[in-house]
Amino acid sequence: MEHKGFTLWFTGLACSGKTVLADALAEDFKKRGMKVEQLDGDIVRKSLTSDLGFTQEDRNENIKRVTFVAKLLTRNGVAVLASFISPYNEIRAYSKTEIGDYILVYVKCPLEVCEKRDVKGMYAKARSGEINNFTGIDHPFEEPNDADIIVETDKQTIEESKQIIVDALEMMGYLP
Ligand SMILES: Nc1ncnc2c1ncn2[C@@H]1O[C@H](COP(=O)(O)OP(=O)(O)OP(=O)(O)O)[C@@H](O)[C@H]1O
Ligand SMILES: [Mg+2]
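Throughout, residues of each chain are indexed from 1 in the direction in which the sequence is written. Ligands are numbered from 1 and chains lettered from A, in the order in which they are written. Per-residue local features are limited, in this predicted model, to residues with pLDDT of at least 70; the limit for side-chain atom pairs, both in listing and counting, is 80 or more; totals at the level of whole chains, interfaces and linings are taken over all residues. Note that the side-chain values use all heavy atoms of the structure and ignore hydrogens as well as water.

Re the packing of helix α3 (residues 56-75) against helix α4 (residues 89-99)
Next, step 1: Orientation is described by lines fitted to C-alpha atoms, with helices fitted over the stretch in contact, and by angles between N-to-C directions that extend from 0 to 180 degrees. Working definition: helices are DSSP H or I runs of at least four residues, strands are E runs of at least two. Numbering for both runs from the N terminus. Two numbers describe how α3 lies on α4: the axes approach to 9 Å, and their chain directions differ by 20°. Classified by the angle their axes make, α3 and α4 are roughly parallel. For the element pair α3 and α4, the recorded crossing hand is right-handed. Contacts between α3 and α4 involve Asn60, Ile63, Lys64, Thr67, Ala70, Lys71 and Thr74 from the former and Ile91, Tyr94, Ser95, Glu98 and Ile99 from the latter.
Next, step 2: Any residue that is not Ala, Val, Leu, Ile, Met, Phe, Trp, Tyr, Cys, Pro, Asp, Glu, Lys or Arg is counted as polar, Gly included; the first ten are nonpolar and the last four charged. For the contact of α3 with α4, a count of residues per class yields 5 nonpolar, 4 polar and 3 charged. Note on angle classes: values under 35 degrees are labelled roughly parallel, values over 145 roughly antiparallel, values of 65 to 115 roughly perpendicular, and the remainder oblique. A clockwise turn of the near helix away from the far one marks a right-handed crossing, whereas an anticlockwise turn of less than a right angle marks a left-handed crossing. In what follows, a contact means two residues having at least one pair of non-hydrogen atoms within 4.5 Å.

Following this line, the structure appears as structure tokens:
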């Protein structure tokens, strides 16, 4: 069955669980026979936006390019999973306007918990000063006040967070 395209946009601190949840949902959507594409910060920054850094200007440019791609896919019936820290309200609002069928998921998790997880050792590097402009340490994260879905990954299992998102998408009529 053809389904309506949409972009599920994950915002949240590093190690909050954006990629893990996007991966889990991609599997779920594929099993439903949906067309799926993932746009993930780590991968995009090695390809489409490898020329960019982490200043506010570069972060905005990163999201603008990704939004351009997400928009094309969305209007062609693809379920797009976009996982980016995307810390600014203004640029998230831009993506929403551009893409249209855009569902914002706030992957909420306290900084202390994210820092303990430190999957890629980035928090340690940010604390020691080896890297700078790191979100939550020396760069801001603006909490969204317009999230369509909020998951709290310090209180839920990955499966529980995933189910909350699936249920919400079903209610919105996005799942076949
Ligand atoms: N309920 C949960 N949901 C998601 N992840 C969880 C949850 N509970 C524990 N975790 C763990 O938290 C970590 C999240 O890492 P992940 O790479 O998904 O973060 P991220 O938000 O994509 O970070 P980055 O911005 O650096 O890419 C994983 O190791 C995952 O197993
Ligand atoms: Mg990630």
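Focus on the side chain of Ser83
Next, step 1: Residue placement: Ser83 occurs in strand β3 (residues 79-83).
Next, step 2: A polar atom in the side chain of Ser83 sits 2.6 Å from the side chain of Asp40.
Next, step 3: Apart from the residues lying within four places of it in its own chain, the contact partners of Ser83 are Phe10, Lys18, Thr19, Ala22, Leu39, Asp40 and Gly41. Two N or O atoms count as a polar contact when they lie within 3.5 Å, although within protein this holds only if one can serve as hydrogen donor and the other as acceptor, and sequence-adjacent residues are included solely when both atoms are side-chain atoms.

Points about the site of ligand 1
Next, step 1: With respect to spatial proximity, 17 residues lie near ligand 1, and among them Cys15, Lys18, Thr19, Lys120 and Gln156 are the closest.
Next, step 2: Here an oxygen atom of ligand 1 sits 3.0 Å away from a polar atom, N or O, in the main chain of Gly17.
Next, step 3: Here the open area of atoms and residues is found with the Shrake-Rupley method and a 1.4 Å probe, where only the protein chains shown may cover a residue. Relative to its unbound accessible area of 650 Å², ligand 1 is 80% covered by the protein chains.
Next, step 4: Counting only elements with at least two residues in the shell around ligand 1, the list comes to α1 (18-31) and α7 (158-172). Working definition: residue near molecule or strand if any one of its non-hydrogen atoms lies within 4 Å of it.

Concerning the packing of α1 against α7
Next, step 1: Closest axis-to-axis distance for the α1/α7 pair is 10 Å, and the angle between their directions is 55°. With respect to α7, the element α1 is oriented oblique. When the axes of α1 and α7 are compared, the crossing they make is right-handed. In contact with Val20, Leu21, Ala24, Leu25, Asp28 and Phe29 of α1, α7 contributes Ile158, Ser161, Lys162, Ile165, Val166 and Leu169.
Next, step 2: Per-class residue counts for the contact of α1 with α7 are 9 nonpolar, 1 polar and 2 charged.

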